[in-house]
Amino acid sequence: MEIKHISHFQDASAFKSFGLTLDNEEILSFELSNKNGMKVKLINYGATVTSLQIPVEGKLVDVVLGFDTLEPYIASYNLPSAPYFGTTVGRYAGRINKGVFSLNGKEFQLAGNNNGNALHGGNVGFGKKHGMFLI
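Residues numbered from 1 in each chain as written. Predicted model: local features only at pLDDT ≥ 70, side-chain atom pairs only at ≥ 80, totals over all residues. Heavy atoms only, no water.

Participant: Honestly, the layout of surface pockets in this entry has me stumped. Any pointers?
Facilitator: Space left empty within the atom packing is revealed by a probe, the size of a water molecule, rolled over the atoms. Of the pockets and cavities examined, the second largest pocket occupies roughly 160 Å³. Residue lining of the second largest pocket: 13 residues in total, with P80, S81, A82, Y84 and N113 positioned closest to the centre. Of the residues assigned to the lining of the second largest pocket, the class counts are six nonpolar, five polar and two charged. (1 Å grid on protein atoms, 1.4 Å probe; cavity = no way out; pocket = protein on both sides within 12 Å on 5 of 7 lines; lining within 4 Å. Points joined across faces, edges and corners; volume = space filled by probe spheres on them. Nonpolar A, V, L, I, M, F, W, Y, C, P; charged D, E, K, R; others polar.)

Structural data, given as structure tokens:
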């Protein structure tokens, strides 16, 4: 089966380095677009979607809730209730009641990071990982 590619890197300028590093990993931004003019911007910190622009009546409209610069994305993880704007969810999505679940008769206790519940991957979910996608 052939995979039809509907998005592509426009040119070398579609890749941007912020000049920032976290834990010796450079934070990079990538922009993808398709032939219809839709654009998505992602950073390699948590595979975070920082912008999704869609054409509406001849104008590009950003439909992603987030921040205007990189620093607030990183700083937001230190908030008591992080917003996780644009972040890839993982290892699980949603809240697990009291952080406890059973699998094949065995009970597992997860870190309670949301009022005693386990939310969106625990204390260090995919949103705090570098290099979450490859080119």
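After that view, the rundown keeps rolling.
Participant: How should I be thinking about the pairing of strand β4 (residues 39–43) in this particular structure?
Facilitator: The side chains of a regular strand alternate between both faces of the sheet. Where strand β3 (residues 25–34) and β4 come together, five bridges link them in antiparallel fashion. Paired with S33 across the two strands is K39, which belongs to β4. Adjacent in sequence and paired antiparallel, β3 and β4 are bridged by four residues, among which G37 carries a positive phi angle near 95°. The sheet contact formed by β4 and strand β5 (residues 48–56) spans five bridges and is antiparallel. Counterpart to L42 in the pairing with β5 is V49. Adjacent in sequence and paired antiparallel, β4 and β5 are bridged by four residues, among which G46 carries a positive phi angle near 75°. (Pairing = 2+ DSSP bridges. Helix = DSSP H or I, 4+ residues; strand = E, 2+ residues; numbered from the N terminus.)

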